[in-house]
Amino acid sequence: MQRRQNAQAAVMLAPATGLISVFVFVPMLLTIWLSFQAWSTQTGFETARFVGVQNFIDIFSNSSIGRDFKAALLNTAAYTALSVVIILPLSVLLGLLVHQKLAPGGIFLRTVLFATYMVPMIAVALVFSKLYSPTEGPLNQILGWIGIPAQSWLSSPQTALWSIVLLNVWQQIGYFTVLATAGLTQIPDALHEAARIDGAGPLQRFFTITLPLLGNTLLFSAVIAIINSVQVFEPVALITQGGPVNATNVLTYHIRRVGIERAQGGLGSAMAVTLMLSLIVAIAALFAFARSRAVKP
Amino acid sequence: MASFRTLARAAGTIAVLLSTTAWVQAADISFLTHWGPDTVAKLEAAAATYTKAHPDTKITVRAVPFGDLLTTLRSSGGGSDGATIAGIYDAWLPDLSKDKLVAPVPDAIAADTKANWPAGVVGAASIGGTLYGIPNEIDVYALNYNKKLFEAAGISAPPKTWDEFLADAEKLTDKSKNQQGFGMINSWAAGVLHPFASLLVSNGGDLVANGKPVLDSKQAKETFELYETLIKKGYSDPAMATADANTTGPFLDNFVSGKTGMIIMANWWESALKAGMGDKFADIATAPIPVGPSGDKARSISYSWMTVVNAKAPADEQKAAWDFLSWLNGPESGPNGASAMGDILMSMGILPSRTSDGKAFADRLSGDPFLKGYTDTLADAKGFPVVLGGQEFSESLQKTLEGMQFGQLSAADAQKTAQDDATEILARNAQ
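Because the structure is predicted, anything quoted here is derived from the model rather than measured.

Along the backbone of chain B there are 19 helices and 14 strands. A compact globule built from 431 residues would reach a C-alpha radius of gyration of about 22 Å, and chain B, at 24 Å, matches this within 12%. Each of the three principal axes of chain B carries a C-alpha extent, and together these read 100 × 50 × 35 Å. The buried share of chain B, taken over its 431 residues, is 53%.

Bringing the nonpolar core into the picture now. Grouped together as the largest cluster of nonpolar side chains are 125 residues, with contacts concentrated most on B:Ile85 and B:Ile88. Ranked by residue count, the leading element in this core is helix α9 (residues 189-201) of chain B, at 9 residues. Viewed by domain, this core spans two of them, domain 1 (26-138 + 303-367) and domain 2 (141-302 + 386-430) of chain B, each represented by three or more residues. The contact partners of B:Ile88, leaving out residues within four places of it in the chain, are B:Leu73, B:Leu93, B:Leu96, B:Gly133, B:Trp305, B:Met306 and B:Val308. With 36 residues, the next largest nonpolar core counts A:Tyr79, A:Leu161, A:Ala270 and A:Ala272 among its residues.

As a further point, take the domain arrangement of chain B. When the parts of a complex come together, some accessible area is lost, and that lost area is often used as the size of the interface. All names here are of chain B. Splitting chain B by domain gives domain 1 (26-138 + 303-367) and domain 2 (141-302 + 386-430). The straight-line distance from the C-alpha centre of domain 1 to that of domain 2 is 29 Å. Counting residues at the interface gives 19 residues for domain 1, matched by 15 residues for domain 2. Broken down by secondary-structure element, the contributors of at least two residues to the side of domain 1 that touches domain 2 are α3 (66-77) and α4 (93-98). Its residues assigned to classes, the side of domain 1 that touches domain 2 shows 13 nonpolar, 2 polar and 4 charged.

Within helix α6 (residues 138-145) of chain A, only 0 of the 8 residues are buried, which leaves it mostly out in the open. Within two residues after α6(A), A:Gly147 carries a phi angle of roughly 80°, on the positive side.

Our focus in this paragraph is the interface of chain A and chain B. Taken together, the contacts link 28 residues of chain A with 33 residues of chain B. Put simply, the parts of the chain that give the side of chain A that touches chain B at least two residues each are α11 (234-240) and α12 (251-261) of chain A. Taken together, the residues that form the side of chain A that touches chain B break down as 9 nonpolar, 15 polar and 4 charged.

Take the domain arrangement of chain A next. With domains assigned, chain A is organised as domain 1 (1-28) and domain 2 (70-295). Between the C-alpha centres of domain 1 of chain A and domain 2 of chain A there is a distance of 37 Å.

Glancing now at the confidence of the model for chain A. Mean pLDDT over chain A works out to 90, with 98% of the residues at or above the 70 mark. Considering each helix and strand of chain A separately, the mean pLDDT is smallest for helix α4 (residues 106-118) of chain A, with a value of 81, and largest for helix α2 (residues 54-59) of chain A, with 96.

What follows is about unusual backbone geometry. At the junction of A:Gly243 and A:Pro244, the peptide bond is cis and its omega measures out at -5° in the coordinates. Along the chain, A:Pro244 falls in the loop between α11 and α12. One non-glycine residue, B:Ser187, lies in the positive phi region at around 70°. By secondary structure assignment, the location of B:Ser187 is in the loop between β7 (180-183) and α9. B:Ser187 sits in the buried class, given 31 other C-beta atoms within 10 Å.

Looking at where A:Pro15 falls in the secondary structure, it is placed in helix α1 (residues 2-34). Taking the C-alpha atoms as reference points, A:Pro15 and A:Ser156, 141 residues apart in sequence, are found 52 Å from one another.

All names here are of chain B. Within the secondary structure layout, Gly389 lies in the loop between β14 (381-383) and α18 (390-405). Take Gly389: there are 23 C-beta atoms within 10 Å of it, and that puts it in the buried class. C-alpha separation for the pair Gly389 and Pro135, spaced 254 residues apart in sequence, amounts to 21 Å. If we skip the residues at most four places from it in the chain, Gly389 touches Ile425, Leu426, Arg428 and Asn429.

For the rest of this paragraph, the subject is the packing of α4(A) against helix α7 (residues 160-185) of chain A. Residue and element names in this part refer to chain A. Their axes nearest at 6 Å, the elements α4 and α7 cross at an angle of 130°. Here α4 lies oblique to α7, going by the angle between them. Crossing of α4 over α7 shows left-handed handedness. Touching Arg110, Leu113, Phe114, Ala115, Thr116 and Tyr117 of α4 are Trp170, Gln171, Gln172, Ile173, Gly174, Tyr175, Thr177, Val178 and Thr181, all from α7. Residues belonging to the contact of α4 with α7 are distributed by class as follows: 8 nonpolar, 6 polar and 1 charged.

Calculation notes
- Residues numbered from 1 in each chain as written.
- Chains lettered and ligands numbered in written order.
- Predicted model: local features only at pLDDT ≥ 70, side-chain atom pairs only at ≥ 80, totals over all residues.
- Helix = DSSP H or I, 4+ residues; strand = E, 2+ residues; numbered from the N terminus.
- Rg over C-alpha atoms; globule rule 2.2 N^0.38 Å.
- Buried ≥ 20, exposed ≤ 12 C-beta atoms within 10 Å, placed from the backbone.
- Core = buried A, V, L, I, M, F, W, Y, C linked by C-beta atoms within 7 Å.
- Domains from an automatic or database assignment.
- Contact = placed C-beta atoms within 7 Å.
- Nonpolar A, V, L, I, M, F, W, Y, C, P; charged D, E, K, R; others polar.
- pLDDT = per-residue confidence, 0-100.
- Axes fitted to C-alpha atoms, helices over the stretch in contact; angles between N-to-C directions.
- Parallel < 35°, antiparallel > 145°, perpendicular 65-115°, else oblique.
- Left-handed = near helix turned anticlockwise from the far one by under 90°.

Shown next, in the form of C-alpha cells:
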C-alpha cells in the first residue's frame, strides 16, 4: 500500500520535477561541463575539447584574460558590497519614516519610493547618463550652486562604479523599503509600549526591539540585494560598456563579452561557474553570520 | 470519368499553384545593421524598390546599437533563424569566417565585386583568397578642428607636425572655459584605438606587421609618449572623453559645443556633427594627421565595412539575399549611375567604396570641404589590421590606452603591457 502511494506521488511530482531538471539543473550541469572544455559558442557541443582545469588556471593567471577576470570579480564584489551596505540601512530608515504615525504622508512616501522600482532600466539609464554628464549634467550644476566642485561621475575610473551603485540604490530602494515596512508591521506595538513605560528612549527601543526583530526581514533583504547586485548588467551595458579602464566591467558583462562576443565558451563557462560558487559562498556566509547572531543571548 | 479527370486536373493545378506560391513566398530575408533610424528608413525604401520588381522576396531591416552589433550577430544572427544579411566591420571577418557564420560570395557576384571595387577593399573582405562580403563603406581618419577656436587662439593653420600639434593643443587649452586642446575618446574600443593608430602610422609605425604586434617599436614608443604628454600637460581631459554604446556621448558633445579644439575622427561622423551643430558645422574643418618625428608623410588608418550573408540561413534565403545585395550595391539601383548603397552612405557622409560610386559622387565629394579632407587622406591610409582575435586585441589595447589616459600607466608601462598582451592574444587566437 505504502509502495503504491509512493509510486503515485512520484508520478504526480514527475512533471514538475522534470521541468525543474530540464530548465535548471541541465543548464547548470552543462555550464559546469563546459568550464572544463575548450569550446567556441558558435559551434556544436561535439566540437568541445576537454582541457581539464586550464580555463580556471587562465582566468586566475596574470595574462590579459586573468587580469580582466580578476578585475571584473573585484568590481562585482565592490558593487555588491556597496549596494548592500547602502541599501539595507537606508531601507530601514525609510521604512521607519513610512511606518511612523506621528506625521502624515507615510503612504505617499512609500508610493513615491516604490515608483522608482517600476521605471524600466532603459529609461533610468538614459536619464542618469545625462544627469551624470560632467560638463553639462544637472547634478554638477546643482553641486556648483552649493560650492561643491564638479564631479567626474561616470567619466573617471575612481567614481564610475560608485555612480552605477548610486543608480542602483535609487532604483532598488523602494522595493527594499516595502520589505522593511512589512517587517516593521510584524513587530507588536505592545513591546514598544512596554519599553516606553520602562523608560527606554527611541534609540534604545530601536536597537533593542526593532532591529533584533527585523533580523529575518533584513536577512531576506540582504540575500535578495546580493543576488540582484551580482546579476547587475543593464546599466553597464547601456551606459558605460564596462569603462572607463574597465572600472565598471562587472562579471555578467564580462562573461557576455568573453562568451558571446569573443565566442570563448569554455572560458566564459569557467567564469560563470566561479561566479556561481562565489555567490553560494557569500550567501552561506551570510546565513552562518545570521545563525551565529541568533544564538547569542 | 470526364468529371474525375477534370477534378484531378483542377486538383493538380491547385497543388502546383499552392506549391509555387509557397516557393514564391519563401524568400523572407532580414538585414541586421547598426544604422540610425533615418538611415534605416533609406535602406527600407531601397528594399521596397527592390521588392516591387521582386515580389517573391520580403525584406525586413533590424537595427541595434553599434555596441551590440557583434553580440547580436553571434548570439542570434549566426543561427538559421538569425538575420540573413548583416553589415559587419572588416576586423570581425576572420573570427566570423573561422566560426563558419558567413557564407562565401557566389562566384558570379565575387567576379563582379573584384572588377568593381579597389583591390585593397576586396582584400579586407576576403580570407585566404575567398571573398565573404560585398564591401560598401570605407572610413578613414583625419584631424578635425574648430576654426573659431583656432582663430581665438591665434592659430592660422592646422598643425602639420607633432611639435606644431602640441603647441596648438597648448594654445587651445583653457581650463577657465573648461576647454581642451585635443579630444581623446574612451569607453569605446575603436574610438580609443583608431586615433592612436592614426598617429602611430603617421609616425611611420604599425600596430601589427606580418601578423605579429609591433608595439615595441621606436615609433610606437614616441606615440605612447605623445599621449602621455597630452595628458600630463592637461591638453586632453579624459573626463571629457567618454563615449556610450551608440558611439556618441560627452566626447561628441564637447566637440560639438566648442569645448574641444581638435580631435581625430573618421568621416562617418559628419552626420552626427551636422545634427549636433546645425549652422555651426561650418566652423569645422579637416586636415591630415600631423606627422611624427619618425614619420615621412601624413598617413592615417582606414577600415571598411561589408555586407555578409548568414551561412546557416536556408539556401533559398541565401540566394535571395545575394541577389538583393548585388542589386543594392550595383550601378542600376541609385541615382545617376550610383548604387543605392552608395546613396545611403553618402547621406551619412560616409565614403562609398565601389569605384563607380566614387565617380557618381565625384562632384559632391570634391565640393564638400569636410569630406574632401578625408578623400585627400585616403591614398596614404593604411588598412587597420585584420587578424584572428582582432576584437580581443582591440579591447585589450583600449584598456591599456585608457589606463594611460587616466594616469594609471606611464608611457613605458603602457607600451610594454600593450605589446605583451597583444603578443599573447594574437598567438592564442591564431591556434
